[in-house]
Amino acid sequence: MNKTFKAMKAMIAMVAVVFGMMAFTGTASAAGGVVTGVKQVDATSNSVTLSWDAVLGTDVRYTVEMSTDGITYNEVRVDYGTSTSSCTAVKITASLSPGCKYYVKVCAYTDFYSSANKQLIAESVPIVVETLAETDSSRVDGVVQTDATEHSITLAWNPVAGATSYTVEVGVNSDYMQVAVVQAPLTTATITNLQASYKANFYVTANLSTSSGITQSTYRSWSVAMRTAPAKVQKAGMTNFYDSINVAYYGCTSVNNCDGYQLQIQDSKGKVLYTNTSSSASFRISPFWKGKFVRARMRAYINIGTERKYGAWSAFSYSASSKKVTVKRTANKKKITVNWKKISGADGYKVSIATSQNGKYNKVKSLGKKASKCTITKCGKKKLNKRMTYYIKVQYLIKVGGKKVSSQVAGMGSI
């Protein structure tokens, strides 16, 4: 029995100790609760904003304490709200410096207005908060276009201290549309899937972020107009030819948003005879090449800095001018003989006749590249009338893709 009694006493004593430990632990938890959910939700270059979970209780008030070293804390914000939920987020602006880290903790009190009875009921674990780097209120600068293709625009800008990324926007109907986000330290972006001859205003904004992911943006840069390379010239060729002074004019259909045009003229074998640029779509060629088949093409360009970005070449147009075309008529005026100097590169000749210079021309015949003369006895289906003046046209032919193409210039004569 004695042994049994002693064992029971030992067990009771052990239970008492455990109970006492549980009671002590429970009391400590109630007296020193924890403010949870403390986090940074916003920042500027001289402020941070915190939020936390409400502590349940009657007439709970909060203070925020801050430290630069994590050891010595000073009270920087006091809540004078009237309910528990009235202050679970505050903005701290007490002498904070740009781009700096601080330690903060939130303390919850009851009986706040009575210094004698004021009780700390909960305290958060310190967290690190961070202000943003100093923002450049003068905007991102140095924005320029650096390159272009028919379907893309490349731009660049000066770096902003503390920027973690940059947002590129394009102006659309008095609004802004984001087209790219570039991670620092890159300060260039290429915008793709654009149309040829596209033009728009572009803007760049710097984004400054803390290590906790809080982001603030600078002002947009000033707008900069940028363009893709020009669209393909759809039609180009000789617009006028003055045989008497041997002067030709070339031109093309206009292209939107370009700075000028380039004309290139080659011989029939592709050797470049002439290349030049102009701010207008008209070119004067003097002297024109006699006795030689030439082909011409044009393209538009834009200027980016000191460089030119060209659009696609137009299709070739073909022209030729004989050194000499003579027209003779027999004494009885029943026949007309046309003679011409051969054209280098020509694959044939076509002779036509009309009763007025600007009237309808009737084809007489097509001849091979070795031909240099043609005899005419009819105009259409009718025999030549000795009282009528006839106009003769000799067109020069060249094979392009297996098909014969007529020169834009023709040898002319009348008799």
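Just above sits the structure.
First, a word on scope: everything that follows refers to the structure included in this document.

What counts, and where the lines are drawn
- Residues numbered from 1 in each chain as written.
- Predicted model: local features only at pLDDT ≥ 70, side-chain atom pairs only at ≥ 80, totals over all residues.
- Heavy atoms only, no water.
- Helix = DSSP H or I, 4+ residues; strand = E, 2+ residues; numbered from the N terminus.
- Buried < 20%, exposed > 50% of the residue type's maximum accessible area, 1.4 Å probe, protein only.
- Contact = heavy atoms within 4.5 Å.
- Pairing = 2+ DSSP bridges.
- Axes fitted to C-alpha atoms, helices over the stretch in contact; angles between N-to-C directions.
- Salt bridge = Lys/Arg side-chain N within 4 Å of Asp/Glu carboxyl O.

Regarding the environment of Val394
Phase 1 of the analysis: Looking at the secondary structure, you find Val394 in strand E32 (residues 391–400).
Phase 2 of the analysis: Taking relative accessible area as the criterion, Val394 reaches 1% and is therefore assigned buried.
Phase 3 of the analysis: Taking the C-alpha atoms as reference points, Val394 and Tyr349, separated by 45 residues in sequence, lie 6.7 Å from one another.

Observations concerning the environment of Val233
Phase 1 of the analysis: As for its position among the elements, Val233 is in the loop between strand E16 (224–227) and strand E17 (236–242).
Phase 2 of the analysis: In sequence terms Val233 and Val255 are 22 residues apart; their C-alpha atoms lie 6.7 Å from each other.
Phase 3 of the analysis: Not counting chain neighbours up to four residues away, the residues in contact with Val233 comprise Cys252, Thr253, Val255, Met298, Arg299, Ala300, Ala312 and Ser314.

Observations concerning the sheet that holds strand E9 (residues 144–149)
Phase 1 of the analysis: Across the sheet, which stays open at both edges, the three strands sit in the order E9-E10-E13 with antiparallel pairing between neighbours. Because the sheet does not close on itself, it has two edges, and the strands there are E9 and strand E13 (188–191). Geometrically, the sheet is characterised by an average inter-axis angle of 20° between neighbouring strands, direction not taken into account.
Phase 2 of the analysis: Sheet topology note: the E9/strand E10 (residues 152–156) ladder contains five bridges and is antiparallel. Looking across to E10, one finds that Val144 is bridged to Ala156.

Some words on the pattern of salt bridges
Note that side chains of opposite charge can pair when their charged atoms are close.
Phase 1 of the analysis: A complete count under the given rule lists seven salt bridges for this structure.
Phase 2 of the analysis: One salt bridge connects Arg227 with Asp259, and the closest N-O pair in it is separated by 2.8 Å. Of this pair, Arg227 sits in strand E16 while Asp259 sits in the loop between strand E18 (247–252) and strand E19 (260–267), and the two are 32 residues apart along the sequence.
Phase 3 of the analysis: With a closest N to O distance of 3.6 Å, Lys309 and Glu307 form a salt bridge.
Phase 4 of the analysis: The exposure class of Lys309 is buried, given its relative accessible area of 18%.
Phase 5 of the analysis: By relative accessible area, which is 46% here, Glu307 ends up partly exposed.

Points about the sheet that holds strand E25 (residues 325–329)
Phase 1 of the analysis: The three strands are arranged E25-E26-E29 in an open sheet whose pairing can be described as antiparallel. Two strands lie at the open edges of the sheet, namely E25 and strand E29 (373–376), each paired on one side alone. With strand direction ignored, the average angle separating the axes of adjacent strands in the sheet is 15°.
Phase 2 of the analysis: For E25 and strand E26 (residues 336–340), the ladder comprises five bridges, and the chain directions are antiparallel. Residue pairing across strands places Lys328 opposite Thr337, the latter belonging to E26.

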